[in-house]
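Each chain, letter by letter, is given below.
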Amino acid sequence: MSVNGLPPYDTNNIFARILRGEIPCKRVLETPHALAFDDINPLAPTHVLVIPKGAYVSAADFHATATDAEIADFYRAVGQVGAPLETGGYRLLANMGHHAGQEVPHFHVHVVGGRALGPMLKTPA
Ligand code: 5GP
């Protein structure tokens, strides 16, 4: 389904293939509705991607169409992955669509920490 102008879900995107076990990942956490694994190109000592197991392109898609159970489970997984980083601090980030440079069209949250991360946006408006 197309949501907010984004293309429909591509069942062959990299994260769909990871979920199907076709591509390996370094698993950090698995819950009934979410999977967390290390980013292949980490930007910080900890860089984990948390993805819902369902086929959602974007935040709008996920929040509009996922069940309450999926949404609760997903955000609890995000919190669980971030918890060990709370003392030093960390960042949650989700890219959506062209302006954000979303590479993989399966909704995901980056959990990034383990060093000072600098300003949130690198380029001015
Ligand atoms: P986006 O730009 O869509 O928010 O982020 C996609 C992220 O997925 C990038 O940080 C990229 O390094 C990561 N990534 C792309 N392909 C793979 C892969 O095959 N395995 C893993 N673990 N991460 C990937």
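Summary of the structure given here. Being a predicted model, the structure only gives us computed values, none of them experimental. Residue indices follow the written sequence of each chain, beginning from 1 at its first position. Given that this is a predicted model, residues contribute local features only at a pLDDT of at least 70 and side-chain atom pairs are listed and counted only at 80 or more, while totals for whole chains, interfaces and linings are drawn from all residues. With hydrogens and water stripped out, all remaining heavy atoms of the structure feed into the side-chain values.

The next subject is the packing of aromatic side chains. Centre distance within 6.5 Å is the pairing criterion for rings of Phe, Tyr and Trp, where only the six-membered ring of Trp is used; planes under 30 degrees apart are then read as stacked, over 60 as edge-to-face, and the remainder as tilted. The tally for this structure, following the rule as stated, stands at seven aromatic pairs. Arranged with centres 5.5 Å apart and planes meeting at 80°, the rings of Phe15 and Phe37 form a pair that is edge-to-face. Here Phe37 lies in strand β2 (residues 34-38) and Phe15 lies in helix α1 (residues 14-19), a separation of 22 residues in the sequence. Phe37 matches Phe15 in its accessibility class, with the two residues each being buried. A helix here means a DSSP run of H or I that spans at least four residues, while a strand means a run of E at least two residues long, and both kinds are numbered starting from the N terminus. Each residue gets one of three labels from its accessible area relative to the maximum for its type: buried under 20%, exposed over 50%, partly exposed in between, using a 1.4 Å probe on protein chains only.

The criterion is simple. A nonpolar core is a set of buried Ala, Val, Leu, Ile, Met, Phe, Trp, Tyr and Cys residues joined through side-chain atoms within 4.5 Å. Ranked by size, the top nonpolar core spans 18 residues in total, and within it Val50, Phe62, Phe74, Val81 and Phe107 carry the most contacts. Listing elements by their share of this core, those giving two or more residues are β2, β3 (46-52), α2 (59-65), α3 (68-82) and β5 (109-113). With five residues, α3 is the single largest residue contributor to this core. By the convention used here, residues are in contact when the closest approach between their heavy atoms is within 4.5 Å. Each residue touching Phe74, except ones within four places of it in the same chain, is listed here: Ala34, Val50, Ile51, Pro52, Phe62, Phe107 and Val109.

A cavity, in this analysis, means grid points on a 1 Å lattice covering only the protein atoms where a 1.4 Å probe fits yet has no way out; a pocket is instead an open set bounded by protein on both sides within 12 Å along at least five of seven lines, and a residue lines either one if it has an atom within 4 Å of a point. Grid points are joined across faces, edges and corners, and a volume is the space filled by probe spheres set on the points. One number sums up the size of the largest pocket: a volume of about 1100 Å³. Those elements that provide at least two residues to the lining of the largest pocket are α1, β2, β3, β4 (90-93), α4 (97-100) and β5. A per-element tally of the lining of the largest pocket places α1 first, with three residues.

So, about the pairing of β2. Buried residues dominate β2, accounting for four of its five residues. At least two bridges found by DSSP between two strands is the condition for calling them paired. Sheet topology note: the strand β1 (residues 27-30)/β2 ladder contains three bridges and is antiparallel. Looking across to β2, one finds that Leu29 is bridged to Ala36. Two successive antiparallel strands, β1 and β2, enclose a turn made up of three residues. By the bridge criterion, five bridges tie β2 to β3 in an arrangement that is antiparallel. Paired with Asp38 across the strands is Val48, a residue of β3.

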